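Chain and residue survey
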Amino acid sequence: MSLTKLFNLKYFLQNVKKSKALILLLLIAVPMFTSIMLLTVDSAYVMTFAELSIINIIGMYIIPIVLSMTLFDYVYKKNSVDFIGSMPLSRRTIFLTNTIGGIGIIIITQLLTMLSTLFLSQILSEVVIFGSMVWDIFIFFTVSYIFVFTVSNLAISFSGNKFSQLVSILIILFLVPFIMISCELLGDDYRYISVEERVEYSLGDEGTRIIIEDPQYFTAPSYIFGEITNARYEYSTESIVKMLVLSVIYTAIGLFLFERKKLEMAGESYESEMLHLVVKLITFMPFMFIYCMLNNSDKVTVFLFFVAILAVYYFLFDLITNKKIKMKVTIPAFIISWIVVFAIYEGVLPKFGNNNIDIINVNDVKNIYIESVKYNSNYRCDFGLLVEDEELMKLILTHADKRFVESSSYEYVDLTIDEAIVDEGTEKVDGRLLYRGMSANLIIELENGKTYECSKHFNGEIYQKILAKYGKEKVSKDFAKYIPLGDRNRFTESDEKEILETINNEFNTLTFEELYKIYNGTFSEYDLALYRYKNHRLIKNDFSYKGFEELHKLMTKKSNMHTKQVLYNIDNFYMYNSDDIMELIESKNPELFVDDNPDDYDEKDKFRYEFLYDIGYFASDEIKEFIKNDNHTEFDHDKEYIVIKSNYPSYYFTNDLDGFYNLIAKVCNKQYNNYNIKLNENI
Amino acid sequence: MIKITNLTKTFGDKKVLEDLNCNIKTGSIYGLIGANGAGKSTLLRIIMGIFNKDSGIVEIDGKILEDNEELKQKLAFVPDDLYFFKNYTLKDMILFYSNLYKNFDKEYAFSLAEKLKLPQNQKVNTFSKGMKRQTALICAISTNADYIFFDETFDGVDPVVRKFLKKVIADQMQKKETTIIMTSHNLRELEDFCDNLGLLYKGGILFESEIDSLKTNMFKIQISLKKDFSEKDFQNFNVLSFKKSGSVATVILKGDREGYEKILNDMNPVILDFLPLTLEEIFIYEMEVLGYEFNEIV
C-alpha cells in the first residue's frame, strides 16, 4: 500500500483550506484561552492538574468533535457527497487522511498549549507550574482528544447527519460508564443502604469492606465528566492506555464501516430503521435512570409522568433526526421500547450493583502504605510509611473506627474529629486539645498483587501503636517547590534555594512523631505550602515554619529584609485587634473611653469594630516609618515578638513590642479624635 | 469500455437497479434516458464509486472499480446538483482539481474560463446557475479523464450556454478519445449529441442501441396509391405503425431502406415521400413493439 493511500497530503491541505478559519480557531482556542487564564492569575498560586487543564477539559468535549465534523463535512449533504465521492480518492484514503491529519492538528494544538504554558510559567512569577505536570497534561489530553476524535469519526461512519452523529458520540463515550454507574447506584448496596453505611468499614476480625470507586478506569471524557463537580480529576495512566487501545479499535471499525457506508443516506439519521430504533432506545436510559432513582411513594403518578415525557421525546427524536413518523410502527415500537428499558432498569441493572464491593481479608494483605495523613480540609502531611507488621496491619483493617473512614467529604471528617477529640489519643498542649488520631490515605496491597486505595481514620490506639513501631524513624522528603502562603515574590532565586535546602535538611532530622506533632499542633498565621509533583500527582503539604527552628530563623530574616525593601507596597494591612491592644490603648490614653455612663460599652465596641479593625490602613504611614526605623536587625524568635501582616508583602517580625504598642496607641488616639469629630458632625 | 453486469442497488425497501446489464463503448457519447426516479443518477454514482452497489460487477477498461483510486483518475463527474466549497473562487476550484487529478490541465482550464469570461477570483457560490455549470464543466473537462459523466447537465441552462458546453465537450472528444455518458429525461436534449442511447426502466436497461443505426433502420413514409389500399398491402414490410387519412397513409417502417424504396416504387405510388424520424418517434414506436407505452416510461 502506497503512503498516499494512507495519507493524501494534497487532499488534506485542500480539506483544511476550505474550512481554514474554523480549523485555525480549533487550533489556537485551547492555547489561547489557557494563556488568558494564566495571565489573569494575580496572586501566588500553584496550579493543580485540574485547574491548569480546565480549558483543555472544556475543549475535549468540543474541539475533536467539531474537528471531525469539519473534516468529514461532505458526508452530511448529497451534493457534497457527489462532489468528493467523485474525486479520485478511495474512501479508505479519505478516512485515513482525515484521521491522521486530524490527529496531527490535535497534536499541534496540544504542543502549542504546552509551549505557551511553559513560557508563561517562566515569565509569570505569580503562577507556580510544574514542568512535569505540563508534560502530563500534554500526554493526557493529546490522547483524550485523539480518543474523542476517533469516536466522532466512528460515529460518522454509521450516522447520516450531525444530530445523529452527536447522539452516537455520546452513546459511544458514555454508555458503558453510564451503565456501570447505573449498576452501582441502582444496586442494592447503594439504593437501600444509608449514606452513613455506604462507607468502607471494618468487619471485626475479618478485615475491611471497600467500595471500589475507581473512575480513572474510565476513558477521560466519562471519568472527568463524572468528577466535574468536585474537580478531582488527575492524570490517569489507566485511562490513557484504555483510550489508546480504544482509539485504534475505533479507527479500525470506523474505517471498515466508512468503506461500506451508504452515502446515499446523507442527511438522514441512520441507514437502517433498526439502528435508528436501537439508538433511540438507548437514549431512553438517562430518563429511566432518573425515574428509578426517584424513590417516590406516589409511583403511579411518577410512572405516568415519565411515560408522557418519554412519549414526547420519542416523537421529538424522530423529528430532529429527519425520520418520518409512521404511527403504525412508532406506537408499538414505543411501547416495546418502554417495556425493554424499564425491565433492564428495574430488573437487570440492580443485580450487577453488588459487584462494586470487595471484602479485604486481613490474611490476604501483604502491606499497607500510609501515603498521607490529613487532619483538616486544608492540611495534609506526606507520611510515606510502609507498614508490614502483621499485627499493626490487622489492627488498621479491623479496628479503624468506621465512623471516620469516609474522607471524600472533609466536613464529615472534621465533624468526626470533633466528636472523637477526647480519647486516649488526645492530649492537652498549650491549653489546646490536640487530637492524636489520624485520617490517612492508605494503599493496601494484597498478596496477589491487587491494590486498593482508601481512606481510613485511626483512633488514638492505632496512632500510638504506629508511633511506637515507626515513630522514631527519620523522615526524608525532597520538596521540589514551596510557596509561602499569600506571597511568593518576596525572595530571589538564591533565597528560594536556600530556603528549600533548609527545609529539606530540617525535614531529614525529624522523626515521624516530631513531624506529625509539627503538622498537627502548630498552626499560625505564617505558613508555607510545600509542593511536589511526583508519580503524576501534585502533593501539597501545608505547615507552619514556626515548628522548624532553622527554617523559622531564615524565613523571618529573609522576610524582614524583603519587607523593608518594598515598604512602598504596604498600603492595607492589619494587626490582631486583641483585648490586649485595647487594654494597652486605654492605659496609654486613659481619657479615650471615658463616658457619662460607665456601663455603656457602645462607644468602646464601636471603636473596636469601626476603627481598630482597620488600624493598619489608618496607621499605614506610621507603621512604614516604624519598620524603616526598626534597628533590631537580629530578630530573636525565642523572645516575645509581634508580626505585622499585610496583604503584600506578607510579614514583618519585630521584638520591639514597646515601640510598636506606643505607635499604635498614638495612632489610635489621633484616630479616635477624628472619629469623635466625625460622630459629632453626624449628630 | 464500461461493462456493467447484473448490477443491483436497493434504497431501503426499494430496488432502484435490478440485474442491470450495460456496455458503454470507448469513445462514444452514451445517452441514458429514463423517467424521473428510473435510476439514471444512481447508476452514474455507482459507476463513479460514490455509492456502493449491493451486487453485480462494474468494470472499467477490464478492471473492477471497487474504490480503486487509479481507476478513478480516469473518471470525472458533473452531477445534477452542483457543489462548490464555500468561499472558493473559480481559481481555487481549478487548483483543487489539479491537486487531485494527475492529468489535470490547469492552463486549459484557465483558458476555457477566460473564453467563457468567468471571473476567476470571484466566489463560485455567487455565480449564476449557468456560470456554475460552466465552472463544473471546465473542471471536469480539464481533468483529461477518459470517461466523463454528466447527470442532467443541460437542465435549466439557456440555449447559448448549452450550445457552448456541447461544443466544449465535442472539442474534448476530438482532442482525446473521451467517452461521454450523459443522462436526461429529455430525448430531444440527447438526440443531436449522443451516438448511443440506453433506456432505463424499472431498474434495468430496457433498450440500448446506436442512434445512427436506429435512424437508418427506421423511417417514415407518406404514401398514396392509385387504388384503394390498406395495411394489408404492406404485408411484405416490417410495419411499426400504419395510419391512413383519406387517400394518404403515414407508415413507419423498419428495415433496409434501399430495398424498401425499390418495392414501394414498384407499387406505382401517386405520392411517396421519405420523412426523417425524430428520436422520440423512433423510441415511441420501438417501445410499442416491445409492448410499452413510451409516455409512461420517459
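Our structure's up above, just so we're on the same page.
Residues numbered from 1 in each chain as written. Chains lettered and ligands numbered in written order. Predicted model: local features only at pLDDT ≥ 70, side-chain atom pairs only at ≥ 80, totals over all residues. Heavy atoms only, no water.

1. What about the pairing of strand S13 (residues 248-254) of chain B?
Residues and elements named next belong to chain B.
- In the sheet, strand S11 (residues 218-224) pairs with S13 via 6 bridges, with the strands oriented antiparallel. The residue of S13 that forms the bridge with Ile221 is Val251.
- Relative to S13, strand S12 (residues 239-245) runs antiparallel, the two sharing 6 bridges. Note that in S13 the partner of Lys243 across the bridge is Thr250.
- Two successive antiparallel strands, S12 and S13, enclose a turn made up of 2 residues, where Gly246 displays a positive phi of approximately 70°. (Pairing = 2+ DSSP bridges. Helix = DSSP H or I, 4+ residues; strand = E, 2+ residues; numbered from the N terminus.)

2. Comments concerning the pattern of salt bridges
- Inspection of every chain in the model, using the stated rule, returns 24 salt bridges over all chains.
- The partner of Asp82 of chain A in a salt bridge is Arg45 of chain B, and the shortest N-O contact between them spans 2.3 Å. Of this pair, Asp82 of chain A sits in helix H7 (residues 78-85) while Arg45 of chain B is found in helix H1 (residues 40-48), placing the two residues in two different chains.
- Residue classification places Asp82 of chain A among the buried positions, given a relative accessible area of 3%.
- Across the pair Arg260 of chain A and Glu259 of chain A runs a salt bridge, and its minimum N-O distance is 3.9 Å.
- What makes Arg260 of chain A partly exposed here is its relative accessible area of 45%. (Salt bridge = Lys/Arg side-chain N within 4 Å of Asp/Glu carboxyl O. Buried < 20%, exposed > 50% of the residue type's maximum accessible area, 1.4 Å probe, protein only.)

3. Overview of the packing of aromatic side chains
- A complete count under the given rule lists 36 aromatic pairs over all chains for this structure.
- Taking the centre distance of 5.9 Å and the plane angle of 70° together, the rings of Phe284 of chain A and Tyr314 of chain A count as edge-to-face. Here the residue Phe284 of chain A occupies a position in the loop between helix H14 (273-282) and helix H15 (285-293), and Tyr314 of chain A occupies one in helix H16 (residues 299-320), the gap between them amounting to 30 residues. Pair check on accessibility: Phe284 of chain A and Tyr314 of chain A agree, each one buried.
- Grouped by ring-pair contacts, the aromatic residues Phe83 of chain A together with Tyr83, Phe85, Tyr88, Phe96, Tyr97, Tyr101 and Phe104 of chain B constitute a single cluster.
- Looking at Lys17 of chain A, its charged tip hangs above the ring of Tyr88 of chain B, at a distance of 5.1 Å from the centre.
- Taking the ring centre of Phe256 of chain A as reference, the NZ or CZ of Arg260 of chain A above it sits at 3.9 Å. (Phe/Tyr/Trp six-rings, centres within 6.5 Å; stacked < 30°, edge-to-face > 60°. Lys NZ or Arg CZ within 6 Å of the ring centre and 35° of its normal.)

4. Some details on the layout of surface pockets
- Of the volumes computed, that of the second largest pocket is approximately 720 Å³.
- Forming the boundary of the second largest pocket are 29 residues, of which Asp73 of chain A together with Tyr83, Phe84, Phe85 and Lys86 of chain B lie nearest the centre.
- Where the lining of the second largest pocket is concerned, the elements lending two or more residues are helix H2 (9-18), helix H3 (20-39), helix H6 (63-71) and H7 of chain A together with helix H5 (129-142) of chain B.
- Considered class by class, the residues forming the lining of the second largest pocket number 10 nonpolar, 6 polar and 13 charged. (1 Å grid on protein atoms, 1.4 Å probe; cavity = no way out; pocket = protein on both sides within 12 Å on 5 of 7 lines; lining within 4 Å. Points joined across faces, edges and corners; volume = space filled by probe spheres on them. Nonpolar A, V, L, I, M, F, W, Y, C, P; charged D, E, K, R; others polar.)

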